[in-house]
Amino acid sequence: MRQNVLGPGPVRVSELAFGAAAIGNLFTPVTDAEAEEAVAAAWECGVRYFDTAPHYGLGLSERRLGTVLRGMPREEYTISTKVGRLLEPIGSVAGDDLAHGGFAVPATHRRRWDFSAEGVRRSLEGSLQRLGVDRIDIAYLHDPDEHAEWALNEAYPELERLRAEGVLGAIGIGMNQAELPARFVRETDIDAVLLAGRYSLLDQQGLTELLPLAVEHGVGVVAGGVFNSGLLADPKPGATFDYAAAPTELLSRATQLKDACERHGVPLRAAALRFPYGHAAVASVLVGTRSAGEVRDAAVMVNHPTPGALWADLKQLGLLPAHVPVPAEKE
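Notes on the structure in this doc start here. Predicted model, so just to flag it, every value in this text is computed and none were measured.

Quick notes on the rules
- Residues numbered from 1 in each chain as written.
- Predicted model: local features only at pLDDT ≥ 70, side-chain atom pairs only at ≥ 80, totals over all residues.
- Heavy atoms only, no water.
- 1 Å grid on protein atoms, 1.4 Å probe; cavity = no way out; pocket = protein on both sides within 12 Å on 5 of 7 lines; lining within 4 Å.
- Points joined across faces, edges and corners; volume = space filled by probe spheres on them.
- Helix = DSSP H or I, 4+ residues; strand = E, 2+ residues; numbered from the N terminus.
- Nonpolar A, V, L, I, M, F, W, Y, C, P; charged D, E, K, R; others polar.
- Axes fitted to C-alpha atoms, helices over the stretch in contact; angles between N-to-C directions.
- Parallel < 35°, antiparallel > 145°, perpendicular 65-115°, else oblique.
- Left-handed = near helix turned anticlockwise from the far one by under 90°.
- Contact = heavy atoms within 4.5 Å.
- Core = buried A, V, L, I, M, F, W, Y, C linked by side-chain atoms within 4.5 Å.
- Buried < 20%, exposed > 50% of the residue type's maximum accessible area, 1.4 Å probe, protein only.
- Salt bridge = Lys/Arg side-chain N within 4 Å of Asp/Glu carboxyl O.
- Pairing = 2+ DSSP bridges.
- Right-handed = clockwise from strand over helix to strand, strands pointing away.

**Describing empty space enclosed by the protein**
Part 1: Counted by the stated rule, this structure contains two cavities of 30 Å³ or more.
Part 2: Quantified by volume, the largest cavity comes out at close to 50 Å³.
Part 3: Lining of the largest cavity is provided by Leu16, Ala17, Phe18, Ala42, Val47, Val287, Thr289, Val295 and Ala298.
Part 4: Listing elements by their share of the lining of the largest cavity, those giving two or more residues are strand 3 (16–19) and helix 10 (292–302).
Part 5: When residues in the lining of the largest cavity are grouped by element, the largest group, three residues, is from strand 3.
Part 6: Per-class residue counts for the lining of the largest cavity are eight nonpolar, one polar and no charged.
Part 7: Roughly 30 Å³ of internal volume is contained in the second largest cavity.
Part 8: Grouping the amino acids of the lining of the second largest cavity by side-chain chemistry returns two nonpolar, three polar and two charged.

Written out as structure tokens, the structure reads:
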């Protein structure tokens, strides 16, 4: 699978990235065996970039990911995790984490926001232990929506020190919005943005400011949430958009996208995966998968031919804005 340089530094990422939230039991349980099979399938398909976070399953995602990756040549893959939420034991288990965090795991820990320099170090030390690897390649500031100044003034400088010391290969910010990452691109020396859900066939908010800024500053973008939590994977009544029931208008638009794609012999999933590569800032597309079958499907879809006539048709139909860049024709 093709590898791209992420931003200005030495870190490389595969064209398709493995998002490990699902194997942390996001919303529904996944067995250890299923999780390990999913990671192994990603490796077999050529995926060499894996993203996780302490938040995902209260550390379960990191532990499961590390179980497989520890057996792989360390120099052959890139791993990213996130800082901003510290996991603190609560002493006793009180139900599960579904209501509070969205993960089907026992509520053994609480998450505490911490974007201090000490919090950054503690978070990365915990991630290294759970993953069982010798280093983290990319550290993302995770969802600092309500903590922008704290993250900018304390967490970011500490990550910058760690990068200068060679402890980290790259610094990034990972969010479900485009505005605050754009500020970080303008005001800091970050290498990467993990942008979830804001650059897809249904939502191009990232194009307003963030993506042009990323090109200008040499910042790499990892496009996550390209299915918008499910609607672009399978648009049908009950499908979700941003983890809530999709509004009727968006469901109709997604259905029209699917119909137009199928007229060109292209599954909607393939078009959704290929679309972000139309922008020069995008280095990788990250897909959250919970099974080996889902991983293999994503690997096939990302390589599915997408003719130029498809993108032209979507624009003519008003399903994509005329100014949106589209990928080069993939044969």
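Text resumes after the structure shown.
**Concerning the packing of helix 1 (residues 32–44) against helix 10**
Part 1: Axis separation between helix 1 and helix 10 bottoms out at 8 Å; the angle between their running directions is 25°. Between helix 1 and helix 10, the angle falls in the class roughly parallel. Between helix 1 and helix 10 lies a crossing of right-handed hand. Every residue of helix 10 that contacts helix 1 at Glu37, Ala38, Ala41, Ala42 and Glu44 is listed here: Ala292, Val295 and Arg296.
Part 2: Of the residues belonging to the contact of helix 1 with helix 10, the class tally is five nonpolar, no polar and three charged.

**Some remarks on the nonpolar core**
Part 1: Counting 94 residues, the largest nonpolar core has Phe18, Phe50, Leu159 and Leu201 as the members making the most contacts within it.
Part 2: Among the elements that line this core, the one with the most residues is helix 5 (residues 148–164), at seven residues.
Part 3: When sequence neighbours within four positions are dropped, the list of residues in contact with phenylalanine 50 reads Phe18, Val39, Ala42, Trp43, Leu65, Leu69, Tyr77, Thr78, Ile79 and Ser80.
Part 4: Grouped together as the second largest cluster of nonpolar side chains are 13 residues, Ala17, Ile138, Val222 and Ala283 included.

**Considerations on the pattern of salt bridges**
Part 1: Within this structure, the stated rule accounts for 25 salt bridges.
Part 2: We note a salt bridge from aspartate 203 to arginine 198, for which the minimum N-O separation is 2.8 Å.
Part 3: The class for arginine 198 is buried, based on a relative accessible area of 7%.
Part 4: Where aspartate 242 meets arginine 198, a salt bridge forms, and the shortest distance between an N and an O atom there is 2.9 Å. With aspartate 242 in the loop between strand 14 (240–241) and strand 15 (244–245) and arginine 198 in the loop between strand 12 (192–196) and helix 7 (210–217), this pair connects stretches of sequence that are 44 residues apart.
Part 5: Look at the salt bridges and you will find they share partners, linking Arg74, Asp134, Arg135 and Asp137 into a network.

**Description of the pairing of strand 13 (residues 220–224)**
Part 1: Of all five residues in strand 13, five are buried; the element is thus mostly enclosed.
Part 2: Neither face of strand 13 is left uncovered, since the one carrying Gly220, Val222 and Gly224 and the one carrying Val221 and Ala223 both have all their residues buried.
Part 3: In terms of strand pairing, strand 12 meets strand 13 through five bridges, oriented parallel. The residue of strand 13 that forms the bridge with valine 193 is valine 221.
Part 4: Handedness of the crossover is the feature at issue here: the chain leaves strand 12, passes through helix 7, returns alongside strand 13, and the resulting connection is right-handed.
Part 5: Bridge analysis of strand 13 against strand 16 (residues 282–288) gives four bridges, and the strand direction is parallel. Its bridge partner lying in strand 16, alanine 223 is registered against valine 285.

**Quick notes on the environment of leucine 194**
Part 1: With respect to the element layout, leucine 194 can be found in strand 12.
Part 2: You can call leucine 194 buried: its relative accessible area is 7%.
Part 3: Distance from leucine 194 to isoleucine 173, taken between C-alpha atoms, is 6.1 Å for residues 21 residues apart in sequence.
Part 4: Those residues in contact with leucine 194, other than ones at most four positions away along the chain, are Asp51, Lys82, Tyr140, Ile173, Gly174, Met175, Val222, Gly224 and Leu286.

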